[in-house]
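Secondary and tertiary structure notes
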Amino acid sequence: MTDVQTALENLREIIAKLVADLETWNTLHEVKEALGLPHEEPERGKQQYLRRITAMASDQVVIHAAQRMLNSYPGTREKPSEADLQTIQDSLWWIESQGIQRISNVIRYRIAESLEGIRFFGRFSLNEFLLPIFPEKNYYFSPTGNFKVGTDGYLYEGSFQPSRISVVNYLNKLGLKEWPDQRFCKLIESIVHPEVQWPKMQHTLYKQLNELLQKDNFELREEGSQGGLPVYKVRGKIAGVSGAPKYIIFASSGSKPDIVIDDVLNMNIRVVRYAEQCLVYDQPPPSGDLTWTMLVDWWRRLSGTTSNDADTRRNLGERLIASLQSEAERSFFATYFKAFKPLLGDNLPALLPQVYLHYDPRHQKERTEPVLVRQRMDFLMLLRNATRIVIEIDGVQHYSNDDGRASPQRYAEMVAEDRRIKGLGYEVYRFGGTEIVAWDGEKFVMKTSASETIVPFFEDLFSRHGILPKAKNYKST
């Protein structure tokens, strides 16, 4: 187990060592700047210089630099080894979990014991199975001997006179007690993956492992499929929104879409009018979260484009921006991408604008009284653990009448609806438009202080949901 401060010092050391080993003095400064590390006059000795730089950097800067190295190392000469990347990943995971193992050693041992006598590595050799989980290990040769799998399916240790070794002892030699929860979960997810296990054994192992995980308030949750078989992820038993989204109607830029249900039993919808004024995402996210990269891939298939990746991303971005309703929304959207796209890369959660969270097929004028208080939300994000985030940018219309006078009734309707949505499992966050924009006498413009409101919000949100390591209470200078 590694505490947070030790993990941070480990990050400082490995960043300094890696950049010093991989770069020359001519390339070092460009990589250092790309990682967001502070500037300091050079001195003799690359590693000594970089250690001073990382020591000067705040905890948050070091965390961001490590995250950038994981996503895409900016140097062009050589790349970090898988072993070094694993060390960085484990340190970030320890920081994210605040140095706490929530899956106890008792449950880890019981799970290891439950794997005794079966090929938990399924179709693969043991080495092939474990290599993606622990890329720095050489599993067949170690200081303690030579590990092999006998014809009886058991593990054996020793080059000349092999002796049987239990799964518990084998995993202990790989550091079972010292793994962060995330790496242990990665092992469990691999054990029950349909690429690894035959269908009958997958089902048996799923029931067996899930029963044990639940004793520590975790569970194996089905979040996708391959070849008609379920793909499971280990998740904390946290109340999110039940069910996977089938359709997301978003980026609505004009008239309300006219929708019919082609198949009521399967709830298949079709937009028959104003289809060009909205987008309909119809691919349930395989792991419960929807990233920007997944959205770009869907857009490429939808548009049948053969253009390069940069063009595809730009075209999708322009289409989303066109749906934004105010300068406050545009500023919010732009600030999010500018701050977090370089940091999270392919793992950036998609920020979907103008989403129909509710839908009434009739126009409001056709009803004697409204059935739904509101239908369209400013922004929606789908995160891990079935977490759905609603973000609203409030203008004067949210709390006043059409004549601009404050309306307690309209405000009460709004907060009552918020309570209802939260009761369904959504997280709802509101920003006042004046936090983001100001009137300059002719138009609304983004405040210089807006990023100081928006960026910390997402940093805290992503920390709480395990997308970014937590930085609270670390030194900030």
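Here the structure is a predicted model, which is why all the values come from computation and not from measurement.

Moving on, we come to the nonpolar core. In this structure, F250, L295, F332, M381, I391, F458 and F462 are the most contacted members of the largest nonpolar core, which totals 53 residues. Counting residues per element, this core draws most heavily on helix 13 (residues 327-344), which supplies 8 residues. If near-sequence neighbours (up to four positions away) are discounted, I391 is found in contact with F332, L351, D378, F379, M381, Y429, F431, F457 and F458. A112, L174, L187 and I188 belong to the second largest nonpolar core, which has 36 residues in total.

Okay, the packing of helix 1 (residues 4-22) against helix 3 (residues 46-56) next. Between helix 1 and helix 3, the shortest axis-to-axis distance is 8 Å and the interhelical angle comes to 145 degrees. At the point where helix 1 passes helix 3, the crossing takes the right-handed sense. Contact residues: helix 1 offers R12, E13, I15, A16, K17, V19, A20 and D21, while helix 3 offers K46, Q47, L50, R51, T54 and A55. Looking at the contact of helix 1 with helix 3, its residues break down into 6 nonpolar, 2 polar and 6 charged.

Here we take up the pattern of salt bridges. Enumeration over the complete set of coordinates arrives at 18 salt bridges. Residues E9 and R12 are paired through a salt bridge, measuring 3.5 Å at the closest nitrogen-oxygen approach. Within this pair, E9 and its partner R12 are both found in helix 1, separated by 3 residues, close to a single helical turn. A residue is classified by how much of its surface remains accessible, and E9, at 43% relative accessible area, is partly exposed. Look at the salt bridges and you will find they share partners, linking E9, R12 and D59 into a network.

When you line up the elements, N210 lands in helix 10 (residues 199-213). Exposure remark for N210: the relative accessible area of 9% places this residue in the buried category. The contact partners of N210, leaving out residues within four places of it in the chain, are L205, E219 and L220. In terms of polar contacts, N210 uses its side chain to reach the backbone amide nitrogen of L220, at 2.6 Å.

Applying the stated criterion across every chain yields a total of 25 aromatic pairs. Between the aromatic rings of F250 and W298, the centroid separation amounts to 6.0 Å while the plane-to-plane angle is 45 degrees, which identifies the pairing as tilted. Taken as a pair, F250 in strand 7 (residues 248-250) and W298 in helix 11 (residues 292-303) lie far apart in primary sequence, 48 residues in all. With 5.0 Å between their ring centres and 50 degrees between their planes, F333 and F337 make a pair best called tilted.

This next bit is on unusual backbone geometry. The backbone of A251 shows a phi angle near 55 degrees, a positive value even though the residue is not glycine. Examined against the element boundaries, A251 turns out to sit in the loop between strand 7 and strand 8 (258-263). Judged by relative accessible area, which is 0%, A251 ranks as buried. Its identity is not glycine, yet Q354 carries a phi of approximately 50 degrees, on the positive side. Tracing the backbone through its elements, the reader meets Q354 in strand 11 (residues 352-356). We classify Q354 as buried; its relative accessible area is 2%.

Each value, and the rule that gives it
Residues numbered from 1 in each chain as written. Predicted model: local features only at pLDDT ≥ 70, side-chain atom pairs only at ≥ 80, totals over all residues. Heavy atoms only, no water. Core = buried A, V, L, I, M, F, W, Y, C linked by side-chain atoms within 4.5 Å. Buried < 20%, exposed > 50% of the residue type's maximum accessible area, 1.4 Å probe, protein only. Helix = DSSP H or I, 4+ residues; strand = E, 2+ residues; numbered from the N terminus. Contact = heavy atoms within 4.5 Å. Axes fitted to C-alpha atoms, helices over the stretch in contact; angles between N-to-C directions. Left-handed = near helix turned anticlockwise from the far one by under 90°. Nonpolar A, V, L, I, M, F, W, Y, C, P; charged D, E, K, R; others polar. Salt bridge = Lys/Arg side-chain N within 4 Å of Asp/Glu carboxyl O. Polar contact = N/O pair within 3.5 Å; in protein donor to acceptor, adjacent residues only side chain to side chain. Phe/Tyr/Trp six-rings, centres within 6.5 Å; stacked < 30°, edge-to-face > 60°.

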